[in-house]
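Okay, here's what each chain looks like letter by letter:
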Amino acid sequence: MIGNTAGAQDRANTLALEKERQATLEEFNVTETPDLETVRSVAAQLFSQPLEQQNVEELKKLSEAANRIANLVKYIYDEYDNYSRENYKYDFLQKKYRGPSVNIARLSTNF
């Protein structure tokens, strides 16, 4: 009986997280999250061409995808930053979660 209750709670938590994720994506006007490696590879390919051969529409699509990634990464970074600041007095949490926020900060500088 307890196992069933725990499983139901896990499913409820998962559904709640999915709703929050969907709400966040809607807040940023994002229907799907761009693939980071695809954006990087398209950028490299487009920027390797002479300027006069670069397609304006492709550049616009690339900039929109890169901006989406940058906005989402900044949102995540800000959330981690707020979390770190609020929990600063708990040193053991700082040590545990400091790594992911620093990695996200490095990623955000790419965009």
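As a starting point, this report considers the structure included with it. Please read all numbers here as calculations on a predicted model, not as lab measurements.

Conventions adopted
Residues numbered from 1 in each chain as written. Predicted model: local features only at pLDDT ≥ 70, side-chain atom pairs only at ≥ 80, totals over all residues. Heavy atoms only, no water. Helix = DSSP H or I, 4+ residues; strand = E, 2+ residues; numbered from the N terminus. Buried < 20%, exposed > 50% of the residue type's maximum accessible area, 1.4 Å probe, protein only. Contact = heavy atoms within 4.5 Å.

**Focus: the overall build of the protein**
The secondary structure content of the protein amounts to 4 helices and 0 strands. Ordered by position in the sequence, the α and β elements of the protein form the string α-α-α-α. Across the 111 residues of the protein, 19% fall into the buried class. A separation of at least 24 residues holds for 63% of the contacts in the protein among residues at least 6 apart in sequence.

**Considerations on the environment of asparagine 71**
Tracing the backbone through its elements, the reader meets asparagine 71 in helix α3 (residues 56–86). For asparagine 71, a relative accessible area of 40% puts it in the partly exposed group. Once the C-alpha coordinates of asparagine 71 and phenylalanine 28 are considered, the two residues, 43 residues apart in sequence, prove to be 7.8 Å apart.

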